[in-house]
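Now for the letters of each chain:
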Amino acid sequence: MSRTAGHLIARARPAGAWRPWLLGALATLFVLGGTAAAIRAIDEPSLAIAALIPALAVFVIALFTVPVHWLPSLAMAILALFPTRYIPAEGPFNAVPPLAIIMGVWVVRRLLAPEGRGTLPVEKRSALAARYAVSATGLLFAVWLVCSISLNGWDETSIGWSVAFVTSVLVPLLVVDARREARLLRETLLVVGALSGLYILGESILRFSPLYGTASGDLVFSVYRARGAFSHPLFAAAFLTVPALLGLGTWLTQGRRWPLIAGLIAAAGVMGTVSRGPLAAVAVAVGLGILISPFFIGWSHAKRWMQLVVVAAVGGVGAMNFGPLVERADSIESRISADVRDRAVEVAFRASDLSGWIGTGPGTSGETSRLFDTIIIENSMLQLLISVGIPGLLFFVAFAVALAWRATVTGNLGALLALVAYLVAITGFNTLDAVRSMHIIIGVLALLTVHGGERAVTPSAPAATGTHPREREFA
């Protein structure tokens with residue numbers, strides 16, 4: 001290869017393409033060391049206390065010294081690879097989860113730095129309208145949360161839930177231009193999604209967790225269900241739907257093989273958790289991708305569309321013949337779970353009627369539903385119906401639709417499919433109202449859909465401050 005050709009290839013390589021791999025490597029080292037220390041602390045609490053203060057100090061210093069655009073990616077790396085059992089969730093961390101604090105530090109650093117907030121990129125009218133729709137629906141949902149709290153007596157649970165959601169999902173939207181973060185976040189999600197998916201596949205084969213051990217919980221099921229760093233297989237599976245569909249959509253629009261490989265590994269990880277709801281979510285999102293991808297990539301790339309159909313068919317056959325999934329479908333546990341989900345609809349409607357369908361307050365669906373039955377409402381949308389009522393549920397759905405609209409008009413197929421997959425996945429278990437640390441995933445999806453569009457405007461459009469010359473504003 002000539003020096004001229006090599007120089008052109010080097011110039012064609014996106015600036016900072018190595019950084020997601022560096023971040024993934026650093027996160028892996030952090031997780032390995034942190035996990036070992038956490039598990040060790042079970043036997044030697046005094047050692048854990050002695051190491052806690054300096055470790056916390058180092059972490060806080062790192063939040064304010066690492067490149068600011070790394071922080072959202074760091075939050076996702078910790079969520080995917082660090083045992084969630086050891087992420088603080090009590091006291092003040094119940095209202096402001098640690099991962100939301102990382103995002104808050106990111107927002108503060110961006111807003112306080114010169115030109116850190118950024119300027120609104122040059123966009124087409126439809127993209128700008130979709131951006132404003134995201135902000136407006138998010139604001140309406142936040143206003144309704146305040147109204148719901150006031151109507152129900154300023155309950156501590158409701159205040160804590162609302163603070164957690166706003167800081168995790170809505171506060172990051174204060175940054176006007178986060179395209180640099182979105183690019184790194186996309187690649188980081190693929191890296192940590194592949195790492196987590198590979199680990200879960202290995203765990204499902206070994207039938208034990210060699211790294212996390214009991215750090216991932218002591219739940220017992222009819223079949224072994226891998227969960228990686230997460231405390232429940234459903235949490236792991238719901239998270240993995242994001243990199244799975246993000247990778248698939250990125251491959252369709254960009255043609256790069258790495259996102260496809262990472263997405264397939266993450267999808268295999270979903271299957272390794274033996275979680276039917278998230279698997280169905282992947283199937284729904286892939287089916288949607290088959291229907292709409294020609295409008296994103298054009299028929300000139302029909303080969304990719306045909307490959308997607310083949311991948312979907314092979315994946316569907318593999319899932320239907322996956323031994324643990326078939327075994328679980330025939331188990332008593334599966335029948336009990338299905339019965340609980342059927343009863344949950346009736347219980348949710350009765351609990352919602354108790355408040356006149358305006359909600360009993362954010363985060364209160366559990367205590368309200370227990371007035372009518374002891375079952376857990378394993379459906380995040382039904383939980384929202386109970387807690388924030390019909391108005392709150394409609395505002396939340398409107399926010400999700402605005403995000404989908406934004407992803408559509410900016411050609412962000414990967415983020416659109418990931419958003420659809422995650423929302424479908426969480427309708428099968430209780431996360432929005434019950435697991436506040438998972439709110440951060442919706443915040444990250446919002447960041448990707450608002451700032452991660454792929455369609456360029458014109459070659460003459462001005463580039464954002466600090467971006468590579470080859471990077472253009474999206475439409």
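Right above here is the structure, for reference.
For the structure given in this document, a descriptive report is provided here. These numbers were taken from a predicted model, which means no experiment stands behind them.

Looking now at the packing of helix α18 (residues 413–426) against helix α19 (residues 439–451). Interaxial distance between α18 and α19 falls to 9 Å at its minimum, and their mutual angle equals 155°. Comparing the axis directions of α18 and α19 gives the class roughly antiparallel. The element α18 and its partner α19 pack so that their crossing is left-handed. Here A415, A418, L419 and Y422 of α18 lie close against α19, whose contacting residues are I441, I442, L445, L448 and T449. Residue composition of the contact of α18 with α19, grouped by class: eight nonpolar, one polar and no charged.

All told, the structure shown has eight aromatic pairs when counted by the stated rule. Between Y199 and Y212, the ring centres sit 5.1 Å apart and the planes meet at 80°, which makes this aromatic pair edge-to-face. Residue Y199 is located in helix α9 (residues 179–206), and its partner Y212 is located in the loop between α9 and α10 (233–254); the two are separated by 13 residues in the primary sequence. Here Y212 falls in the buried class, since its relative accessible area comes to 4%. Through a chain of ring-to-ring contacts, three or more aromatic side chains come together here, namely F141, W161, F165 and F396.

Each pair of packed helices can be described by the angle between their axes along with the distance between the axes. Remark: helix α4 (residues 71–81) packs on helix α6 (residues 98–112), axes separated minimally by 9 Å, with the N-to-C direction vectors making an angle of 175°. Overall, the two elements α4 and α6 adopt an arrangement that is roughly antiparallel. Mapping the contact onto sequence places L71, P72, A75, I78 and L79 in α4 and L99, I102, M103, V105, W106 and R109 in α6. Among the residues forming the contact of α4 with α6, the class breakdown is ten nonpolar, no polar and one charged.

Quick look at the nonpolar core now. L189, F239, L245, F396, Y422 and I441 are the most contacted members of the largest nonpolar core, which totals 113 residues. Apart from the residues lying within four places of it in its own chain, the contact partners of Y422 are A238, T241, V242, T431, M438, I441, I442 and L445.

Parameters at a glance
Residues numbered from 1 in each chain as written. Predicted model: local features only at pLDDT ≥ 70, side-chain atom pairs only at ≥ 80, totals over all residues. Heavy atoms only, no water. Axes fitted to C-alpha atoms, helices over the stretch in contact; angles between N-to-C directions. Helix = DSSP H or I, 4+ residues; strand = E, 2+ residues; numbered from the N terminus. Parallel < 35°, antiparallel > 145°, perpendicular 65-115°, else oblique. Left-handed = near helix turned anticlockwise from the far one by under 90°. Contact = heavy atoms within 4.5 Å. Nonpolar A, V, L, I, M, F, W, Y, C, P; charged D, E, K, R; others polar. Phe/Tyr/Trp six-rings, centres within 6.5 Å; stacked < 30°, edge-to-face > 60°. Buried < 20%, exposed > 50% of the residue type's maximum accessible area, 1.4 Å probe, protein only. Core = buried A, V, L, I, M, F, W, Y, C linked by side-chain atoms within 4.5 Å.

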